[in-house]
Amino acid sequence: MSMPSIQMYCTATCPYCVAAEALLIKKGAGAALEKIRVDLQPERRAEMQQRSGRHTVPQIWIGETHIGGCDDLHALESAGRLSALLNG
């Protein structure tokens, strides 16, 4: 079973984006991660807001599932549910 794609809307300077990426890499999901830099592509921020209903970065999707931000991602890990999402 292959890992689902992961999309993360982020900026270069956001510490929450860096922390979320670090957790995904630690979980072995770095290769599946597509970072969408809204600081470099401002038009993608409107796309992120429409998809998520939120205006803060990061916004993370695993497959078709909207995870939310960094705190949401870490909460999934703390609850023992992140691995299951990453393993399809």
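Refer to the structure printed above.
The structure reproduced in this document is the subject of the present report. (Residues numbered from 1 in each chain as written. Predicted model: local features only at pLDDT ≥ 70, side-chain atom pairs only at ≥ 80, totals over all residues. Heavy atoms only, no water.)

1. Examining the environment of Thr13
Note that Thr13 resides in the loop between strand 1 (6–10) and helix 1 (15–26). Given the relative accessible area of 73%, Thr13 is considered exposed. (Helix = DSSP H or I, 4+ residues; strand = E, 2+ residues; numbered from the N terminus. Buried < 20%, exposed > 50% of the residue type's maximum accessible area, 1.4 Å probe, protein only.)

2. Side note on the pattern of salt bridges
With the rule as written, the count across this model stands at five salt bridges. Arg44 is paired through a salt bridge with Glu47; the nearest N and O atoms lie 3.0 Å apart. Highlighted residues: Arg44 and Glu47, both in helix 2 (residues 43–52), separated by three residues, approximately one helical turn. According to the relative accessible area criterion, Glu47 is partly exposed, its value standing at 28%. (Salt bridge = Lys/Arg side-chain N within 4 Å of Asp/Glu carboxyl O.)

3. Comments concerning the packing of aromatic side chains
The description of an aromatic ring pair uses the distance of the two centres, along with the angle that the planes make with each other. Enumeration over the complete set of coordinates arrives at one aromatic pair. Between the NZ or CZ atom of Arg51 and the centre of the ring of Trp61, over which it lies, the distance is 4.0 Å. (Phe/Tyr/Trp six-rings, centres within 6.5 Å; stacked < 30°, edge-to-face > 60°. Lys NZ or Arg CZ within 6 Å of the ring centre and 35° of its normal.)

4. Some thoughts on the state of the cysteines
Tallied over the entire structure, the rule returns zero disulfides. No disulfide involves Cys70; its nearest neighbouring cysteine sulfur is the one of Cys14, lying 7.7 Å away. (Disulfide = S-S within 2.5 Å.)

5. Some details on helix 3 (residues 70–78)
Since one α-helical turn is 3.6 residues long, residues separated by three or four positions face the same way. Of the positions making up helix 3, those classed as buried are Cys70, Leu73 and Leu76. Looking straight down helix 3, one finds its buried side chains confined to an arc of 125 degrees; they lie on one side. Projecting away from the buried face of helix 3 at angles above 90 degrees are the exposed residues Asp71 and Ser78. Looking at the buried side of helix 3, the elements it contacts are helix 1, strand 3 (59–62), strand 4 (65–68) and helix 4 (82–86). Immediately downstream of helix 3, the backbone of Gly80 shows phi near 75 degrees, a positive value. (Arc of directions from axis to C-beta. Contact = heavy atoms within 4.5 Å.)

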